[in-house]
Amino acid sequence: MDEPQSTNRPGASEPDSPADLRGSNEPVRNDSGKRASDFAMSAPGADDDSAGAIASGKFTDERLRSWPTGFEWLLIAMGVYLAGSYAWLLDDAFVYFRYGDNALHLGHGLVYNRGEYVEGYSSPLWMMLLLLARSSGLDWWGITRILGLVCLVLTALMAVRVNRKLAPRGSQILNVPLIYLMGCYAVLCYFSSGLETPLVQVSAAVFALFALNPSSRGLQALLGLAPLVRHEFALPLATAICFLWLRERKFPLGFMLWSALPILAWISFRVIYYADFLPNTFYLKDSTDWSQGLVYLNDAVSPYFLPLLLSLGVLASVALILRGQRDQLELDARALMLIFALPVAVYAVRIGGDPRHYRYLAFSICLTVLALGGLAERVLAHVSPAARSPASIGFGLALFALIVSCYPVQLQQHPLRGDQGNQIIGKINDAAYHRERIELPRWGSGRTAIEQKGRYRLWLEEHPEGEYESVIAAKWCRNLYKRFDQRSINSLGLTDPILARTNMDSDRPAHKRGLKPLAENLAELQRHADWKPEVGATRAAVEAGRAAYWIRNNLGAIEAIERKIYNDHDPLQNLKLALTPTQRIEP
């Protein structure tokens, strides 16, 4: 991309025009404010890196206006503070921690139990980031907080960028999406938890930027990582491919190949290592409960005035259209953001959501909020110049205070007030339940939490082969993480492929307490001295009369699962195993 030419060029008598300083990514507008070219015809590569401009000291007006204002920096600082105040760990995070320590400190590989190849974590990309950070020697509590805060700042900076692209040039900046994201308890709460949700919220901002600049190769490459954040993000990625196909009137083969590379690389690893195409949690949570999903949707959006905010956004858009500003509203890009959000929201509703407030709708809610960017600035443009700045600051502070004051119905008081108390409402609870159960040190206290590396060294000295002492079945992932010296069965099925494929009614979304006695049956079977982690182990137990009735009745399906668990990493054989459907198990 050519750089703006210097005002000192030979023969130049006047400075560059505003159009020259704009940067190729900004639609050029004539004096009436209308775009000189349609949004859909934006030039490829318009969002390229600015390293050359920085090195030469030539910042374009577009890059300068993308930098946060003082008010936006204040919002980001408040978001960091509030996220730190709400920090917590979800019990499921200890699944990631056990996988990470098995790989880095115990020499078992990327597995939950030694010799059992099961992908029990939901996000490959989050797992890789955790492994990279853990290899530096940091403890898990520090890692999750640092990564969460980095993701928060990235999301905030991208929200600033989105808002600038949607706001009129030279406007009084308010940035309603940033106010919402940096004040909302649910959003900030999930920049911790230890799960992949920080990456989920970053992904929402990446999709929003792509909607505004679909020709950017960098953004296309980032979109290719989305299914590695969570498998359902293949839906908005496929939507993006279809959008480019319709927009360019030809199949976007380049984008398809570019975005497919990381996905194909991981699927290849998954097949060779785990002999499957999907993670274990997919089989556990793939169910249909529309009514519970609608309850979950209402629980996530209603406490934070999101329906009201969307209604005001629609009214503002209509008013601006009536004033002849339709071409300036970037309605195509806003609609595309909502289209990206829709399939992920529908998926979350279909499976009944999650036992935790907001988590499965994080992507869709963040993307919907970002679609409102720039509308407040366009409304403020019609306020008298003298009143514009006071109106912006007053409304911004009032809206931020309102959003910060909101909290879920499951809590008895605001999370900033200490002991919130919590209760399950609509089969959904808040992070507070896990925040109270897992006591963690304050940031900067100098104490580490959840650290076992010293115990690992002692154990490996006594057990150089890494053999397990016994078998334990329990539902709390933290307890299983502590018992690294035992073969562990998660009784909710998170990491066990047999339980995950068992037909069992849910007490709450993804919580099947009926699996607990089945987990005990599996543990009892594996505690026997003759049992070995290999193909044929279950049949031997059945023939010896040591297997429960449901194991005997589902022996064929369990043996098919065994072939996956105890595979030899042969690519062709594992591809055949991955392509072979596995029957559901009837308890």
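The coordinates are above.
Enquirer: Go over the pattern of salt bridges, please, and point to the residues and values.
Expert: The final tally for this structure, using the stated rule, is 13 salt bridges. We note a salt bridge from R134 to E451, for which the minimum N-O separation is 3.0 Å. Within this pair, whereas R134 is found in helix α6 (residues 124-134), its partner E451 is found in the loop between α22 (432-437) and α23 (453-462), the two being separated by 317 residues in sequence. Residue classification places R134 among the buried positions, given a relative accessible area of 1%. Here E196 and R230 are joined by a salt bridge, their closest N and O atoms 2.5 Å apart. With E196 in the loop between α9 (185-189) and α10 (197-212) and R230 in the loop between α12 (226-229) and α13 (234-248), the pair connects residues that are 34 residues apart, well separated along the chain. Take E196 and R230: they sit in the same class, and that class is buried. Here the salt bridges do not stand alone but share partners, grouping D101, R134 and E451 into one network.

Enquirer: Account for the packing of aromatic side chains, with residues named and values stated.
Expert: Tallied over the entire structure, the rule returns 27 aromatic pairs. With centroids separated by 4.9 Å and ring planes inclined at 80°, the aromatic side chains of Y99 and Y121 adopt a geometry described as edge-to-face. Here the residue Y99 occupies a position in helix α5 (residues 93-104), and Y121 occupies one in the loop between α5 and α6, the gap between them amounting to 22 residues. Through a chain of ring-to-ring contacts, the aromatic side chains of Y96, Y99, Y112, Y117, Y121, W266, F269, Y273 and Y274 assemble into a single cluster. In this structure, R98 is placed above the aromatic ring of Y112, and the distance from its NZ or CZ to the ring centre is 4.7 Å. In this structure, R501 is placed above the aromatic ring of Y283, and the distance from its NZ or CZ to the ring centre is 4.0 Å.

Enquirer: I'd like a rundown of the packing of helix α14 (residues 253-274) against helix α30 (residues 571-579), residues and numbers included.
Expert: The geometry of α14 relative to α30 is characterised by a closest axis approach of 8 Å and an angle of 95° between their N-to-C directions. By the angle between their axes, α14 is roughly perpendicular relative to α30. Of the residues in α30, those in contact with V271, I272 and Y273 of α14 are P571, N574, L575 and A578. Taken together, the residues of the contact of α14 with α30 break down into 6 nonpolar, 1 polar and no charged.

Enquirer: Could you give an account of a negative patch on the surface, with specific residues and numbers?
Expert: On the surface, a cluster of negative charge is contributed by E461, E462, E465, E467 and E469. Structurally, E467 is set in the loop between α23 and β1 (471-474). Classification of E467 as partly exposed rests on a relative accessible area of 33%.

Enquirer: Mind laying out a nonpolar patch on the surface, listing which residues take part and the relevant values?
Expert: On the surface, a cluster of nonpolar side chains totalling about 480 Å² of accessible area is made up of W245, F251, L253, M256 and L257. At 3 residues, α14 tops the list of elements feeding residues into the nonpolar patch.

Enquirer: Any details on the environment of L188? Residues and values, ideally.
Expert: On the secondary structure map, L188 appears in helix α9. Residue classification places L188 among the buried residues on the basis of a relative accessible area of 0%. As a C-alpha pair, L188 and L152 span 36 residues in sequence and 7.9 Å in three-dimensional space. The contacts of L188, once residues within four sequence positions are left out, are G79, L82, A83, Y86, L152, L181, M182 and G183.

Enquirer: How would you explain helix α19 (residues 362-370) if you had to name every residue and give the values?
Expert: Residues that lie three or four places apart on an α-helix share one face, since the helix turns once every 3.6 residues. For α19, the buried fraction is high: 9 of the 9 residues fall into the buried class. Inspection of α19 places A362, F363, S364, I365, C366, L367, T368, V369 and L370 among the buried residues, and these make up the whole buried set.

The rules we used
Residues numbered from 1 in each chain as written. Predicted model: local features only at pLDDT ≥ 70, side-chain atom pairs only at ≥ 80, totals over all residues. Heavy atoms only, no water. Salt bridge = Lys/Arg side-chain N within 4 Å of Asp/Glu carboxyl O. Helix = DSSP H or I, 4+ residues; strand = E, 2+ residues; numbered from the N terminus. Buried < 20%, exposed > 50% of the residue type's maximum accessible area, 1.4 Å probe, protein only. Phe/Tyr/Trp six-rings, centres within 6.5 Å; stacked < 30°, edge-to-face > 60°. Lys NZ or Arg CZ within 6 Å of the ring centre and 35° of its normal. Axes fitted to C-alpha atoms, helices over the stretch in contact; angles between N-to-C directions. Parallel < 35°, antiparallel > 145°, perpendicular 65-115°, else oblique. Contact = heavy atoms within 4.5 Å. Nonpolar A, V, L, I, M, F, W, Y, C, P; charged D, E, K, R; others polar. Patch = residues over 30% accessible without salt bridge, like charges linked within 9 Å, V, L, I, M, F, W, Y side chains within 5 Å. Areas by Shrake-Rupley, 256 points an atom, 1.4 Å probe, with all protein chains shown as cover. Lys, Arg positive; Asp, Glu negative; His and termini not counted. Charge placed at Lys NZ, Arg CZ, Asp CG, Glu CD.

No statement about biological role is implied by the geometric values presented.
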